[in-house]
Amino acid sequence: MEKEGNPINWEIVLKLFLAMIFGGIIGLEREIGNRPAGFRTHTLVCMGSTLVMLTSEYILDIYHSVTDPGRLGAQVISGIGFLGAGTIIKDGSRIRGLTTAASLWVVACIGLAIGVGFYWGAMLATLFSYIILVLLKKFENHISGVKEYEIHVDIRNDQVVQITNVIAALNIKIKHINMDPGEEEFTRAYFKVVFPPGMDKKTLIDELTRLDGVEVLDEAV
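None of the values given here were measured: they were computed from a predicted structure.

Cut-off values and rules
- Residues numbered from 1 in each chain as written.
- Predicted model: local features only at pLDDT ≥ 70, side-chain atom pairs only at ≥ 80, totals over all residues.
- Heavy atoms only, no water.
- Helix = DSSP H or I, 4+ residues; strand = E, 2+ residues; numbered from the N terminus.
- Buried < 20%, exposed > 50% of the residue type's maximum accessible area, 1.4 Å probe, protein only.
- Contact = heavy atoms within 4.5 Å.
- Areas by Shrake-Rupley, 256 points an atom, 1.4 Å probe, with all protein chains shown as cover.
- Salt bridge = Lys/Arg side-chain N within 4 Å of Asp/Glu carboxyl O.

1. Considering the overall build of the protein
Along the backbone of the protein there are 7 helices and 6 strands. Seen in sequence order, the protein has helices and strands lined up from the N terminus as α-α-α-β-β-α-α-β-α-β-β-α-β. Put simply, the protein has 221 residues, and 34% of those count as buried. Considering only intrachain contacts with a sequence separation of at least 6, the fraction spanning at least 24 residues in the protein is 67%. In the form shown here, the protein has an accessible surface area of approximately 13,200 Å², with 62% of it arising from carbon and sulfur atoms.

Okay, structure coming up:
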């Protein structure tokens, strides 16, 4: 570690830089998904936990403390739960944000690994976490039948209510609705739905296109 009066320790710079990159990779995926904790939050958590481990090493190196160097890191692992809890939202009967809370905990652990120089472990954890968040999500959606539709809605005629009625009549489960105000008289609605077994998604599209003022623009899987 760096001694007082010595030139800058480039290993410390490298560790903090890697924490910024690895935490940012996970955070970027959350940011793209419009989650409560995104790019900057994950980056800061990872860098902060790395700094904690660097501080522990600094204390041992400079002050020759006999305390356990893992004590500060243990506080990060337990303390990150308070930040993760802030991303968990109860939406009706559903709980949202658990995956984001878990990703915050993981990037904190990645930061601790970087702080002690366990680079391979941190790199593999980042890679596997990204695979879980991106690829396994697509696999999960494929298995569960989750399809997301982007629907252009004329709000003058209260089309959102009509759309939800059509979806309910087809026994399709709505997982999430996001409204994005568009031009003067239109609102863009994003519906994430789960099809019952054996139903063709074209059935839903045909029913929705029969409604006045509704246009199915795109399907995002």
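And the narrative resumes.
2. Topic: the pattern of salt bridges
Scanning all chains against the criterion turns up 3 salt bridges. For Asp206, the salt bridge identified is with Lys202, shortest N-O distance 3.1 Å. In this pair, Asp206 and Lys202 both sit in helix 7 (residues 201-209), 4 residues apart, roughly one turn of the helix. According to the relative accessible area criterion, Lys202 is partly exposed, its value standing at 49%. In this structure, the salt-bridge partner of Arg210 is Glu207, at a minimum N-O distance of 2.7 Å. For Arg210, a relative accessible area of 58% corresponds to the exposed category.

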